[in-house]
Amino acid sequence: EAEVAQSPRYKITEKSQAVAFWCDPISGHATLYWYRQILGQGPELLVQFQDESVVDDSQLPKDRFSAERLKGVDSTLKIQPAELGDSAMYLCASSSDRVGSDTQYFGPGTRLTVL
Amino acid sequence: GQQVMQIPQYQHVQEGEDFTTYCNSSTTLSNIQWYKQRPGGHPVFLIQLVKSGEVKKQKRLTFQFGEAKKNSSLHITATQTTDVGTYFCAGGSPGANNLFFGTGTRLTVIP
């Protein structure tokens, strides 16, 4: 069964450093999402791509976060500089329905710890 | 902005007891999805409800979508230890392309 791939699975960094996360969605899925999940809370959408275009980045802290999906396939989420409050699980998900109401398939996530 | 709340936040049940979690949206939804996240895992899709008043069943799980499409519930009959995890509802807004996840209900099943 096809899965969403993410790397790294775990990342420990010091504050003010730069970090980057990678996501490879299920093949053929046009929509890709990045979520942040703080322990004990639900996933919060950071950015949504439709192919290579950003559909929604209203909740993305653009002063330090950036995301790209240059060829409309895999995607990278970057944080620079990292802050203590950025410690969380970063989840990538993909779906095939352009309307966005179809099933979202989540990757295993990257757990970020900022020291 | 849109908010999706779930109650209760935590639920501890004895194995064999029933469990229900409730999801309420501040706005009318186009659809609602339910996900299960095991401890240390990632959210896994369970079901999607689209129609007003819709009821769907998956073995011991029953999902309902309210008539006004602003609330939903998940009921588990005769819980098992494999049901342990956090259950999230996620609502889609009409005309929008994303989901708003609820706060989740963390279920613990005591053997």
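Structural data are supplied above this passage.
Residues numbered from 1 in each chain as written. Chains lettered and ligands numbered in written order. Predicted model: local features only at pLDDT ≥ 70, side-chain atom pairs only at ≥ 80, totals over all residues. Heavy atoms only, no water.

### Remarks on the state of the cysteines
In step 1: The final tally for this structure, using the stated rule, is two disulfides over all chains.
In step 2: Across a sulfur-sulfur distance of 1.9 Å, A:Cys23 and A:Cys92 are joined as a disulfide pair. Here the disulfide of A:Cys23 and A:Cys92 is left-handed, its torsion about the S-S bond being about -70°. With A:Cys23 in strand E3 (residues 19–24) and A:Cys92 in strand E9 (residues 88–95), this residue pair connects regions lying 69 residues apart in the sequence. Both residues of the pair, A:Cys23 and A:Cys92, belong to the buried class.
In step 3: With its sulfur 2.0 Å from that of its partner, B:Cys23 forms a disulfide with B:Cys89. Across the disulfide from B:Cys23 to B:Cys89, rotation about the S-S bond amounts to roughly 75°, and the bridge is consequently right-handed. (Disulfide = S-S within 2.5 Å. Helix = DSSP H or I, 4+ residues; strand = E, 2+ residues; numbered from the N terminus. Buried < 20%, exposed > 50% of the residue type's maximum accessible area, 1.4 Å probe, protein only.)

### So, the pattern of salt bridges
In step 1: For the structure on display, the rule yields six salt bridges over all chains.
In step 2: Between A:Glu44 and A:Arg36 there is a salt bridge, and its shortest N-O distance comes to 3.5 Å.
In step 3: Owing to a relative accessible area of 13%, A:Arg36 belongs among the buried residues under this scheme.
In step 4: Two residues, B:Lys56 and B:Glu54, come together in a salt bridge whose shortest N-O distance is 3.7 Å.
In step 5: Since its relative accessible area comes to 17%, B:Glu54 is described here as buried.
In step 6: Three or more residues joined by partner-sharing salt bridges are found here, namely A:Arg64, A:Glu83 and A:Asp86. (Salt bridge = Lys/Arg side-chain N within 4 Å of Asp/Glu carboxyl O.)

### Looking at the sheet that holds E3(A)
All names here are of chain A.
In step 1: Spatially, E1-E3-E8-E7 is the arrangement adopted by the four strands of the open sheet, whose pairing is antiparallel. Here the strands that pair on one side only, and so sit at the sheet edges, are strand E1 (5–7) and strand E7 (65–68). Across the sheet, the mean angle separating the axes of adjacent strands is 15° when strand polarity is ignored.
In step 2: The pairing of E3 with strand E8 (residues 75–79) spans five bridges and is antiparallel. Opposite Ala20, over in E8, you have Lys78 as the bridge partner. (Pairing = 2+ DSSP bridges. Axes fitted to C-alpha atoms, helices over the stretch in contact; angles between N-to-C directions.)

### As for the interface of chain B and chain A
In step 1: Contact with chain B, which involves 16 residues of that partner, is made by 22 residues of chain A.
In step 2: For the chain B and chain A pair, buried surface summed over both sides reaches about 1400 Å², with 49% attributable to carbon and sulfur atoms.
In step 3: Summed over the shared surface of chain B and chain A, the number is zero salt bridges.
In step 4: For the interface between chain B and chain A, the tally reads three residue pairs in polar contact (both at pLDDT 80 or more).
In step 5: A per-class count over the side of chain B that touches chain A returns seven nonpolar, nine polar and no charged. (Contact = heavy atoms within 4.5 Å. Buried area = accessible area lost by both parts, 1.4 Å probe. Polar contact = N/O pair within 3.5 Å; in protein donor to acceptor, adjacent residues only side chain to side chain. Nonpolar A, V, L, I, M, F, W, Y, C, P; charged D, E, K, R; others polar.)

### Concerning the environment of A:Pro25
Residues and elements named next belong to chain A.
In step 1: Residue position: Pro25 is located in the loop between E3 and strand E4 (31–37).
In step 2: In sequence terms Pro25 and Lys15 are 10 residues apart; their C-alpha atoms lie 29 Å from each other.
In step 3: Filtering out sequence-adjacent residues up to four positions away, Pro25 remains in contact with Val4, Leu32, Arg69, Val73, Asp74 and Ser94.

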